[in-house]
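# Summary of the model geometry
One letter stands for each residue in the lines below.
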Amino acid sequence: MLFRQLFDQESSTYTYLIADSETKVAILVDPVIEQVERDLQVLRELGLTLQYCLETHIHADHITGTDRLRGLTGCLGVVPENAAASCADFALGDGQRLRLGNVEIQVIATPGHTNSHLAYLVNGTHLLTGDALLIRGCGRTDFQSGDPGVLYDAVTQKLFTLPEDTLVYPGHDYQGQTVSTIGEEKRWNPRFAGRDRYEFIELMNHLNLPKPKRMLEALPANQQCGKV
Ligand code: FE
């Protein structure tokens, strides 16, 4: 398997490139519109064919590169089922699997940051957590039908029950951290460690975060797979 973590500085977003080394078929998870040229160059230089662009959720802080990549490569755009997006070629839901040669992606519904958020477990070892679980943090739950109790259940019952050495690759990082493990986050993530469901809900309901700068532009664009 080929696995690459790419970063967009402006939105602190990680995009993941995953490909089967034999068939050279690739997917991008959470591409960013401003980074489409970068992504195309990596694909070209590695001799990869882009088959799918996957979203972990409908983003509020950046515009997805999916529509542009689809126009340029003919790849398929994939969104979580029940997401408010009418632009996708197909949708994925909990328990479904997507196969690319020797790479298998298992879909894990992890709602709470948004009501249709998905995590993707790649070959049983690399977990793309989107904004459900960040390194020593988690995504906010105060808009887009977010719900802290639902997020607590998804993270503690679904992600924290995976093997401790499962690699955690988040959708964002604001401190330069790149990867963690399930065991590490269970022990050291200050949002979850030592907190019960009620305490987590209290904490999340009192974060008082400002709204993302580009939310009013990003949400409607992402409901169209990033058509601008
Ligand atoms: Fe998000």
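Residues numbered from 1 in each chain as written. Predicted model: local features only at pLDDT ≥ 70, side-chain atom pairs only at ≥ 80, totals over all residues. Heavy atoms only, no water.

### Notes on the overall build of the chain
- On a plain count of helices and strands, the chain comes out with six helices and twelve strands.
- What you see for the chain is a C-alpha radius of gyration of 16 Å, in line with the 17 Å of a compact globule of 228 residues.
- Along the three orthogonal principal directions, the C-alpha set of the chain runs to about 50 × 40 × 30 Å.
- Pairs at least 24 residues apart make up 62% of the contacts formed inside the chain by residues separated by at least 6 positions. (Helix = DSSP H or I, 4+ residues; strand = E, 2+ residues; numbered from the N terminus. Rg over C-alpha atoms; globule rule 2.2 N^0.38 Å. Contact = heavy atoms within 4.5 Å.)

### Describing the state of the cysteines
- The tally for this structure, following the rule as stated, stands at one disulfide.
- The partner cysteine of cysteine 87 in its disulfide is cysteine 225, sulfur to sulfur 2.1 Å. Its S-S torsion of about 75 degrees marks the bond between cysteine 87 and cysteine 225 as right-handed, since a negative value means left-handed. Here cysteine 87 is found in the loop between strand S5 (76–80) and strand S6 (90–92), whereas its partner cysteine 225 is found in the segment after helix H6 (215–222), with 138 residues between them in sequence. (Disulfide = S-S within 2.5 Å.)

### As for the coordination of the iron ion
- Around the iron ion, the protein contributes the donor atoms His57 (NE2), His113 (NE2) and Asp131 (OD), which lie 2.0 to 2.3 Å from the metal centre.
- Between consecutive donor residues of the iron ion, the sequence gaps follow H-x55-H-x17-D. On the criterion of sequence distance, the pair formed by histidine 57 in the loop between strand S4 (49–54) and helix H2 (66–73) and aspartate 131 in the loop between strand S10 (126–130) and helix H3 (148–159) is long-range, its members being 74 residues apart.
- Judged by relative accessible area, which is 1%, histidine 57 ranks as buried.
- We classify aspartate 131 as buried; its relative accessible area is 6%. (Donors = N, O, S within 2.8 Å, 3.2 Å for Na, K, Ca; no water. Buried < 20%, exposed > 50% of the residue type's maximum accessible area, 1.4 Å probe, protein only.)

### A word on the layout of surface pockets
- Of the voids in this model, the largest pocket is the one considered here, and its volume is about 670 Å³.
- Lining the largest pocket are 25 residues, with Asp61, Arg140, His172, Tyr174 and Pro212 positioned closest to its centre.
- Residue composition of the lining of the largest pocket, by class: eight nonpolar, nine polar and eight charged. (1 Å grid on protein atoms, 1.4 Å probe; cavity = no way out; pocket = protein on both sides within 12 Å on 5 of 7 lines; lining within 4 Å. Points joined across faces, edges and corners; volume = space filled by probe spheres on them. Nonpolar A, V, L, I, M, F, W, Y, C, P; charged D, E, K, R; others polar.)

### A short note on the nonpolar core
- Judged by nonpolar contacts, the single largest core of 22 residues is most densely connected at Ile18, Leu54, Tyr120 and Leu128.
- Looking at this core, the elements with two or more residues in it are strand S2 (13–19), strand S3 (25–29), S4, strand S7 (97–100), strand S8 (103–109) and strand S9 (118–122).
- When residues no more than four places from it in sequence are discounted, the contact partners of leucine 128 are Phe3, Tyr16, Ile18, Val29, Ala119, Tyr120, Val122 and Tyr169.
- Leu133, Cys138, Val155 and Phe200 belong to the second largest nonpolar core, which has 18 residues in total. (Core = buried A, V, L, I, M, F, W, Y, C linked by side-chain atoms within 4.5 Å.)

### Observations regarding the pattern of salt bridges
- Tallied over the entire structure, the rule returns 14 salt bridges.
- Residue arginine 70 is joined to aspartate 89 by a salt bridge in which the shortest nitrogen-to-oxygen separation is 3.0 Å. Linking arginine 70 in helix H2 with aspartate 89 in the loop between S5 and S6, this pair joins segments that are 19 residues apart in sequence.
- On the accessibility criterion, arginine 70 (16% relative accessible area) is buried.
- The exposure class assigned to aspartate 89 is partly exposed, which follows from its relative accessible area of 40%.
- Between glutamate 217 and arginine 214 there is a salt bridge, with the nearest N and O atoms lying 3.1 Å from each other. (Salt bridge = Lys/Arg side-chain N within 4 Å of Asp/Glu carboxyl O.)

### Section: the environment of glutamine 5
- Along the chain, glutamine 5 turns up in strand S1 (residues 2–8).
- Accessibility expressed as a relative area gives 27% for glutamine 5, which makes it partly exposed.
- Taking C-alpha positions, glutamine 5 is 8.9 Å from isoleucine 18, a pair spaced 13 residues apart along the chain.
- A polar contact is formed between the side chain of glutamine 5 and the side chain of tyrosine 16, at a distance of 3.2 Å.
- At 2.8 Å, the side chain of glutamine 5 forms a polar contact with the backbone oxygen of threonine 178. (Polar contact = N/O pair within 3.5 Å; in protein donor to acceptor, adjacent residues only side chain to side chain.)

That is the geometry; function is a separate question.
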